[in-house]
Amino acid sequence: KIIRDVFYGSEYHLWFVFALIGVYLITPIIQKWIKFSEKKDVLYFLIIWVITLFLTIPGAAIYFPKINFTYFSGFLGYFILGYYLKTYVKNNNLISYSLIFIGLAITIFGSYYMTKKNGVFYDYFYEYLCLNALMVSIGVFMLFNAIGDVSDKVKPLISKLDICSFGIYLIHPFILDSFKSIGVFNYTINPIIDILLISLSCFFLSFIIIYIIKKIKFGHLIA
């Protein structure tokens, strides 16, 4: 079982680790392409990648030619998009917040409308490779990209969070399962408030645990 879990993942969120490994494996090739590419070359790839996201919209594919976009689709687009935003796009907080707001609004109201229409939960707007997720991703990335402009007093905290971020990601399902086992989810006030409180509590506890582990000798090898 341990061997199987190593190769297939023992928790639902570990899909990201395997997706990341796939992207890292192709990184040496992409780096060479990026090195000799101009802005328009990278933009060309991203435009076609965004078209593949349009094709994920239910019913949209029938309006496009039957072209195989396999070579442009997938999570690699986010990887290259990060490079493009970092290299060629100036940070603009107004644009960042606008993209986040619009993306979240589409997720919330789109999910609500389609769920009500179909009578069952409609999860398309929760997919990672959809346009609303792309908007939020760009907005968040640009905000973090401008993090060098923050106060010197805040930078140490951001640095600690940065170091612990992957460990927080790895351990957070354990915290959520612990909440569930002690009945935290049974005491509900309002879904909006509950989700916010549980998310913040999970993040805070995960950070504390990972931070302590990293202080232990060889702890950095674990988290």
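Residues numbered from 1 in each chain as written. Predicted model: local features only at pLDDT ≥ 70, side-chain atom pairs only at ≥ 80, totals over all residues. Heavy atoms only, no water.

Caption draft 1: Structural context of the nonpolar core. Counting residues in each nonpolar core, the largest one holds 20 residues, and the members touching the most others are Phe45, Leu46, Trp49, Ile80, Leu81 and Leu134. Among the secondary structure elements, those contributing two or more residues to this core are helix H2 (15-35), helix H3 (39-54), helix H4 (76-88) and helix H6 (131-145). With six residues, the single largest contributor to this core is H3. Grouped together as the second largest cluster of nonpolar side chains are six residues, Met114, Tyr122, Tyr124 and Ala133 included. (Core = buried A, V, L, I, M, F, W, Y, C linked by side-chain atoms within 4.5 Å. Buried < 20%, exposed > 50% of the residue type's maximum accessible area, 1.4 Å probe, protein only. Helix = DSSP H or I, 4+ residues; strand = E, 2+ residues; numbered from the N terminus.)

Caption draft 2: Broad picture of the packing of aromatic side chains. Within the structure shown, the criterion is met by 15 aromatic pairs. Relative to Tyr88, the ring of Tyr84 has its centre 5.3 Å away and its plane inclined at 50°; by these criteria the two rings are tilted. In this pair, Tyr84 and Tyr88 are both assigned in helix H4, four residues apart and thus about one turn of the helix distant. Of the residues examined, Tyr84 reaches a relative accessible area of 11% and is grouped as buried. Seen in terms of ring centroids, Tyr124 and Phe125 are 5.2 Å apart; in terms of plane orientation they differ by 75°. Their pairing is edge-to-face. (Phe/Tyr/Trp six-rings, centres within 6.5 Å; stacked < 30°, edge-to-face > 60°.)

Caption draft 3: Expanded view of the environment of Ile195. Relative to the elements of secondary structure, Ile195 occurs in helix H8 (residues 191-215). When its relative accessible area of 56% is taken as the criterion, Ile195 is described as exposed.

Caption draft 4: How the structure looks around the state of the cysteines. Evaluated as defined, the whole model comprises zero disulfides. Note on Cys164: no disulfide assigned, nearest cysteine sulfur contributed by Cys202 at a separation of 14 Å. (Disulfide = S-S within 2.5 Å.)

Caption draft 5: Focus on the side chain of Ser206. Checked against the element boundaries, Ser206 lands in helix H8. Not counting the four nearest positions on each side in its chain, Ser206 is found in contact with Ile168, Ile171, His172 and Ile175. (Contact = heavy atoms within 4.5 Å.)

Caption draft 6: Quick peek at a nonpolar patch on the surface. A cluster of nonpolar side chains, Trp15, Phe16, Phe75, Tyr128, Phe166 and Leu170, forms an exposed patch at the surface whose accessible area comes to about 530 Å². Within the residue set of the nonpolar patch, elements represented by two or more residues are H2 and helix H7 (155-181). Residue position: Leu170 is located in helix H7. (Patch = residues over 30% accessible without salt bridge, like charges linked within 9 Å, V, L, I, M, F, W, Y side chains within 5 Å. Areas by Shrake-Rupley, 256 points an atom, 1.4 Å probe, with all protein chains shown as cover. Salt bridge = Lys/Arg side-chain N within 4 Å of Asp/Glu carboxyl O.)

Caption draft 7: Highlighting the packing of H4 against H6. Where H4 contacts H6, the axes come no closer than 11 Å and their chain directions differ by 40°. For the element pair H4 / H6, the angle class is oblique. Classified by chirality, the crossing of H6 by H4 is right-handed. Taking contact as the criterion, the partners of Tyr78, Leu81, Gly82, Leu85 and Lys86 in H4 are, on H6, Ala133, Leu134, Ser137, Ile138, Phe141 and Asn145. (Axes fitted to C-alpha atoms, helices over the stretch in contact; angles between N-to-C directions. Parallel < 35°, antiparallel > 145°, perpendicular 65-115°, else oblique. Left-handed = near helix turned anticlockwise from the far one by under 90°.)

Caption draft 8: Structural view of helix H5 (residues 93-118). For H5, built from 26 residues, the straight-helix expectation of 38 Å at 1.5 Å per residue is met to within 8% by its first-to-last C-alpha distance of 37 Å. Within H5, the full set of buried residues consists of Ser96, Ile100, Gly103, Thr107, Gly110, Ser111 and Met114. Against H6 lie the buried residues of H5. Among the residues of H5, the N-terminal cap falls to Asn92, whose side-chain oxygen and the backbone nitrogen of Leu94 are separated by 3.0 Å. Positive backbone phi, approximately 85°, marks Gly119, located one or two places after H5. (Expected span 1.5 Å × (residues − 1). Polar contact = N/O pair within 3.5 Å; in protein donor to acceptor, adjacent residues only side chain to side chain.)

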